[in-house]
Amino acid sequence: MIFIPEIFMSLGFLVILIISVFLKKNSHIIVGYLSLILIFLTQFFVLKDIFLFEEIFNSFFVIDSFGSFLKSIILISAGLVIYFYLIVKNEISLQRPEFLLITLIAIIGMMLMVSSNDLLSLFVSLELQSLALYILVSFSKDDFNSSEAGVKYFVIGSLSTCIFLFGSSLIYGIIGSTNFSEISQFISDQYNLPTLLIIGLIFILVSLSLKISAAPFHMWTPDVYQGAPSIVTAFLSTAPKIAVFAVLIRLLVYPFGEIIIDWGKIIIILSIASMIIGSLGALKQDDLKRLMAYSTINHIGFILMALVPGSEDGITAICIYLIFYLTMNLGVFLFILNMRRDQINVTKIKDLSGLYKTEPVIAGCLAIIFFSMAGIPPLAGFIGKLLVLNIVIDNNLFFLAIIAVVTSVIAAFYYIRLIKSMFFDSPTDELDLLTNPQSKLLMTLLSFFNLTVILYPQFFLNLCASITLSLFALK
Amino acid sequence: MESLNFLALSSLIFSIGFLGIFINRKNLITILMSIELMLLSANINFIGFSNYLNDLSGQIFSLFILVVAAAEAAIGLAILTIFFKKSNSISVDTISRLKG
């Protein structure tokens, strides 16, 4: 039996669900540790089969090393977010076992998404993930902002689903099948492709860019990031983004790889718009979570740029960038989760001022992570940006490279403004001290990773290059 | 191309749903209805193409869409209920606290 990680995860989810009913006190803590154990065991099953290649369930799903690798990254990031949930003091309304159970459902949906090989299985798993995320965003019932963010996220998410379905119905009508390998077969046989097929592909691209919040489909991102509870924002900005990127890469490289000339232009437009809006929109923000939303849009633009050539090196660079993006984002959100004044969560940028005086170690770690996001050498973010720019220049897309460099200079301005306010501004009201040692340790580890990655970049390059091979083996 | 007339119908319904989300200034329930319309327009496409191509998988896809649409409507109404409890209104104009 080959489909073990997902089946194991689903059965484990049901077991935890039954256990959670019988727990009386501190049920969310116990369920949290049980979910961490489940994620750890699933990780083991995913890594066990990492070099396998097989199409299963009537080629509804495909198991390959690209999918397995991204699944393991998704599991790592989700596991870290659940660990954050356990070590950080949460609002009362989040302290329920259902929160973790719904997170587990979302993780199962993402794992299925990464390995789906048919538009039908892709649609169902995409919905499994999104429906769980709508609930998570509006989970904090006492908070008006959370329910408003939930309404916005639900409307935009359902709109994206409808667009996806309309696009896939057009593709089905032209090809007569929804399977990726048959779509690929049809496209390589035909010289003159019908326009309806291209329209269907554009519909699907629009829907997926709504999910990864690439501009000009980014409008929901700042509102949802700000309104959702911080722990949900931390989850929302890492694991689902990786999963949707995996889907986007698989869809564009494998079935539609032959018509790169058509979708390449769309990706270029999306990437330029995301980089410009991500860097300019963040300049006038005063909320740290909103700023992180714009920073995400900027990073998404950068990652999309590496997809334009559709080559093996490009996908390798995307995988490496996603890993680095994950460590940076989780580091910042771990700090945001710990930002408290008089036991109340605060997220304004001016609350950061004078952090160096009260918490020198944390301020240093945060500064390293912000510098890494800005792409200052020799940090991890710089290596990611270097790899992406290298690929863009190799493919003679110079205007794209110039826009990327200019926008990352603008983006560096607002990251450095944060660092300036942490180190040089005088504190108005001091934040509460970080009391839990685990947060400090994790922040230090994440920033240490960002600092030392320059010593062993070859490791990541070789790893990601070997897993992207499986994606191109079919062609 | 006589038998592809359903494409006009489904595109029309899809456009009505799409405009319903963006032009509507009154009521959040209308947005839910528009979403439902758009899902059904995809269903019309699937069933029409399935009939045209003599292939069964389109009809199976449309059954899956119906199931997911039901789940989505349930979750959407639940979120609307929470929102209504907080704001005492379901008008679109009340969704304006988060901006900038």
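None of these values were measured; they are calculated from a predicted model.

Asks: Explain the overall build of chain B residue by residue, including any values.
Replies: Within chain B, the regular secondary structure consists of three helices and zero strands. In sequence order, chain B lays out its α and β elements as α-α-α. On C-alpha atoms alone, chain B measures out to a radius of gyration of 17 Å, which is more than a quarter above the 13 Å that the 2.2 N^0.38 rule sets for 100 residues. Contacts in chain B between residues far apart in sequence, at least 24 positions, make up 52% of those at least 6 positions apart.

Asks: So what's going on with unusual backbone geometry? Which residues, and what values?
Replies: Leaving glycine aside, a negative phi is the common case for residues, and trans is the common case for peptide bonds. All names here are of chain A. Cis peptide bonds are those with omega within 30 degrees of zero, and the linkage from Ala215 to Pro216 qualifies with 0°. When you line up the elements, Pro216 lands in the loop between helix 8 (195-211) and helix 9 (220-227). Of note, the bond from Pro377 into Pro378 is cis; its omega dihedral lies within 30 degrees of zero at 5°. Position of Pro378 relative to the elements: it lies in the loop between helix 16 (360-374) and helix 17 (380-394). Look at Phe57: it is not a glycine, yet its phi comes out positive at around 50°. With respect to the helices, strands and loops of the structure, Phe57 is situated in the loop between strand 1 (54-56) and strand 2 (61-63). Of note, the phi angle at Asn396 is positive, near 60°, even though the residue is not glycine. Inspection of the secondary structure puts Asn396 in the loop between helix 17 and helix 18 (398-423). Of the residues examined, Asn396 has 10 C-beta atoms within 10 Å and is grouped as exposed.

Asks: I'd like to hear about the interface of chain B and chain A, residue by residue, with values.
Replies: Opposite the 35 residues of chain B that make contact, chain A presents 35 residues. When contributions to the side of chain B that touches chain A are tallied by element, the ones reaching two or more residues are helix 1 (6-23), helix 2 (28-53) and helix 3 (57-87) of chain B. Residue contributions to the side of chain B that touches chain A peak at 16 residues, all from helix 3 of chain B. Class assignment of the residues belonging to the side of chain B that touches chain A gives a composition of 23 nonpolar, seven polar and five charged.

Asks: How would you sum up the nonpolar core? Please name residues and give values.
Replies: Most often, soluble globular proteins keep nonpolar side chains buried together rather than apart. Ile74, Ala243, Phe245, Ile318, Tyr321, Leu322 and Val388 of chain A are the most contacted members of the largest nonpolar core, which has 192 residues in total. Residues within four places of Ala243 of chain A in sequence aside, it is in contact with Ile74, Met110, Met113, Val114 and Gln129 of chain A.

Asks: Please set out the packing of helix 14 (residues 312-338) of chain A against helix 20 (residues 457-472) of chain A residue by residue, giving values where relevant.
Replies: Think of two packed helices as two axes; the pair is described by the angle between the axes and how far apart they sit. Residue and element names in this part refer to chain A. It is at 8 Å that the axes of helix 14 and helix 20 come closest, and there the two elements cross at 125°. One element, helix 14, and the other, helix 20, form an angle in the oblique class. Crossing geometry of helix 14 relative to helix 20 is assigned as right-handed. Residues Glu312, Ile315, Thr316, Cys319, Ile320 and Ile323 of helix 14 pack against Phe460, Leu461, Cys464, Ala465, Thr468, Leu471 and Phe472 of helix 20. Taken together, the residues of the contact of helix 14 with helix 20 break down into 10 nonpolar, two polar and one charged.

Asks: Break down helix 12 (residues 260-281) of chain A for me, citing the residues and quoting the values.
Replies: Residue and element names in this part refer to chain A. Taking 1.5 Å as the rise per residue, helix 12 with 22 residues should run 32 Å; its terminal C-alpha atoms sit 30 Å apart, in good agreement. For helix 12, the set of buried residues is Trp263, Ile267, Leu270, Ser271, Ser274, Met275, Ile277, Gly278, Ser279 and Gly281. In this structure, the buried residues of helix 12 make contact with helix 8, helix 11 (239-253), helix 13 (288-305) and helix 18.

Thresholds, definitions, all that
- Residues numbered from 1 in each chain as written.
- Chains lettered and ligands numbered in written order.
- Predicted model: local features only at pLDDT ≥ 70, side-chain atom pairs only at ≥ 80, totals over all residues.
- Helix = DSSP H or I, 4+ residues; strand = E, 2+ residues; numbered from the N terminus.
- Rg over C-alpha atoms; globule rule 2.2 N^0.38 Å.
- Contact = placed C-beta atoms within 7 Å.
- Buried ≥ 20, exposed ≤ 12 C-beta atoms within 10 Å, placed from the backbone.
- Nonpolar A, V, L, I, M, F, W, Y, C, P; charged D, E, K, R; others polar.
- Core = buried A, V, L, I, M, F, W, Y, C linked by C-beta atoms within 7 Å.
- Axes fitted to C-alpha atoms, helices over the stretch in contact; angles between N-to-C directions.
- Parallel < 35°, antiparallel > 145°, perpendicular 65-115°, else oblique.
- Left-handed = near helix turned anticlockwise from the far one by under 90°.
- Expected span 1.5 Å × (residues − 1).

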